[in-house]
Amino acid sequence: MIVITGATGNVGQPLVELLADAGHTVTAVSRGMSAPLPTRPGVATAVADLSDVTTLAPALASADALFLIVSGAGAHVDGRALMKHAEAAGVRRVVLLSSQAVGTRPGTPSHAPLAELEEAVRGSAMEWTILRPGGFASNALAWVPMIKETNAVHAPYGDVALPVVDPLDIAEVAAATLTEDGHSGRTYEITGPTATTPRERVEEIAAATGRPLEFVELTPEEAQSQMLEFMPPAVVEGTLAILGHPAADEQAVSPHVEEVLGRPARGFGEWARRFAAAYGV
């Protein structure tokens, strides 16, 4: 049995579906605060808060593998205690969804909790794999309200390119590492197939939806003010640093999706076509 935390999220939800479709028994875990948990044959559900690792214990009973994703960049999660609970339950394989920035920006306060969680996973007695995706294509869903209201996207750093990744690719890589041998002790960087700019991504959404869209560039100060309304200051600072001044490694395309899945990563345009309806089409 495979336990999937964050089962209602952009990665967790398709991961549950992929594993269930492949015939695996799955326990879908969430804090129960957002979307409803998946209900389908072969999928059990559980509610747990990883800031209190004891709440995950019932879900871990009889589990062989654990997919671990934590909210808030890993803050308030005791990674070593969580690994001990998983080991005691007999879990033999753990896959952690981390962040590319743990490797590209070591010591950054916004990603320090995830770095600590990575160390806890590496120090466990289980087979482990760490996934480090770059920016998610699904972050463009934050543009939905302004597109519906104004046919425009207001964002900073319009011409800075990053290889954003389709969450479905992350889910497929996670499914492979959870169920196949040969991934133990590996850290995979997960990116899209090419670096694109916010301006280009807006053009892709326009093509997918058939509606003309304008890109309006925000100053970094304007973007910071908006982001502080829903993100902690350290996370805002770290996010804007990557968006505006990415390191070479953050702009590079990783081969790991193709290495694991045997096919190239999906481009942003494919993601935009799949989610065109979200923009009111």
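Sequence positions are assigned chain by chain, starting from 1 and proceeding in written order. Since the coordinates come from a predicted model, pLDDT governs what is reported: local features require at least 70, and pairs of side-chain atoms require 80 or more to be given and counted, while whole-chain, interface and lining totals use all residues. Computation of side-chain values: all heavy atoms of the structure, hydrogens and water removed.

**So, the overall build of the chain**
Logical step 1: Scanning the chain from terminus to terminus reveals 13 helices and nine strands.
Logical step 2: Two things to know: the radius of gyration comes from C-alpha atoms, and the globule rule equals 2.2 Å times the number of residues to the power 0.38. Relative to its length of 281 residues, the chain is compact, with a C-alpha radius of gyration of 19 Å against a globular reference of 19 Å.
Logical step 3: Referenced to the eigenvectors of the C-alpha coordinate spread, the extents of the chain come out at roughly 55 × 40 × 35 Å.
Logical step 4: If you take every contact in the chain between residues at least 6 apart in sequence, the share linking residues at least 24 apart comes to 75%.
Logical step 5: A 1.4 Å probe and the Shrake-Rupley method give the accessible areas. Residues count as covered only by the protein chains that appear here. Entry remark: accessible area of the chain is about 12500 Å², with carbon and sulfur atoms responsible for 52%.
Logical step 6: When the 18 basic and 33 acidic side-chain charges of the chain are each reduced to a single mean position, those positions are 4 Å apart. The helix and strand labels rest on DSSP assignments: H or I over at least four residues marks a helix, E over at least two residues marks a strand, and numbering proceeds from the N terminus. We call two residues in contact when some of their heavy atoms are within 4.5 Å. None of His or the chain ends enter the tally, which takes Lys and Arg as positive and Asp and Glu as negative. Positions of charges follow a simple convention, taking NZ of Lys, CZ of Arg, CG of Asp or CD of Glu.

**Section: the pattern of salt bridges**
Logical step 1: Salt bridges are identified by distance alone: a Lys or Arg side-chain nitrogen within 4 Å of an Asp or Glu carboxyl oxygen. Per the stated rule, a full pass over the model turns up 17 salt bridges.
Logical step 2: Notably, a salt bridge pairs Asp 166 with Arg 274, separated by 2.8 Å at the nearest N-O pair. With Asp 166 in the loop between strand 7 (152-156) and helix 7 (167-179) and Arg 274 in helix 13 (residues 268-274), this pair connects stretches of sequence that are 108 residues apart.
Logical step 3: We call a residue buried when its accessible area falls under 20% of the maximum for its residue type, exposed when it is over 50%, and partly exposed in between, using a 1.4 Å probe and counting protein chains only. Looking at Asp 166, the relative accessible area reads 1%, which means it is buried.
Logical step 4: Of the residues examined, Arg 274 reaches a relative accessible area of 38% and is grouped as partly exposed.

**A word on the side chain of Glu 172**
Logical step 1: Note on placement: Glu 172 falls in helix 7.
Logical step 2: Here the side chain of Glu 172 touches Arg 266 through a polar contact of 2.9 Å, side chain to side chain.
Logical step 3: When sequence neighbours within four positions are dropped, the list of residues in contact with Glu 172 reads Leu 18, Leu 261, Arg 263 and Arg 266. Polar contact criterion, stated in full: a pair of N or O atoms within 3.5 Å, where within protein one must be able to donate a hydrogen and the other to accept it, and residues adjacent in sequence count only if both atoms are side-chain atoms.

**Some remarks on the packing of aromatic side chains**
Logical step 1: Stacked, edge-to-face and tilted labels apply to pairs of Phe, Tyr and Trp rings (six-membered ring for Trp) whose centres lie within 6.5 Å, assigned for plane angles under 30 degrees, over 60, and everything in between, in that order. Within the structure shown, the criterion is met by two aromatic pairs.
Logical step 2: Taken together, a centroid distance of 4.9 Å and an interplanar angle of 20° make the contact between Trp 271 and Phe 275 stacked.
Logical step 3: Residue Trp 271 is classed as buried on the basis of its relative accessible area, which comes to 1%.
Logical step 4: A connected cluster of aromatic rings, assembled from ring pairs, spans Phe 268, Trp 271 and Phe 275.

**Re the sheet that holds strand 6 (residues 127-133)**
Logical step 1: One requirement defines pairing of two strands: DSSP has to find at least two bridges between them. Pairing in this open sheet of seven strands is parallel, and the strands run 3-2-1-4-5-6-8 from one edge to the other. A single partner strand is all that each edge strand has here, and the edge strands are strand 3 (43-47) and strand 8 (186-190). On average, each strand axis in the sheet is inclined to that of its neighbour by 15°, with strand direction left out of account.
Logical step 2: Relative to strand 6, strand 5 (residues 93-97) is paired through five bridges, and the arrangement is parallel. Pairing of Leu 97 across the sheet is with Leu 131, part of strand 6. Interaxial angle, 0 to 180 degrees, is taken between N-to-C directions of lines fitted to C-alpha atoms, where a helix line uses only the stretch in contact.

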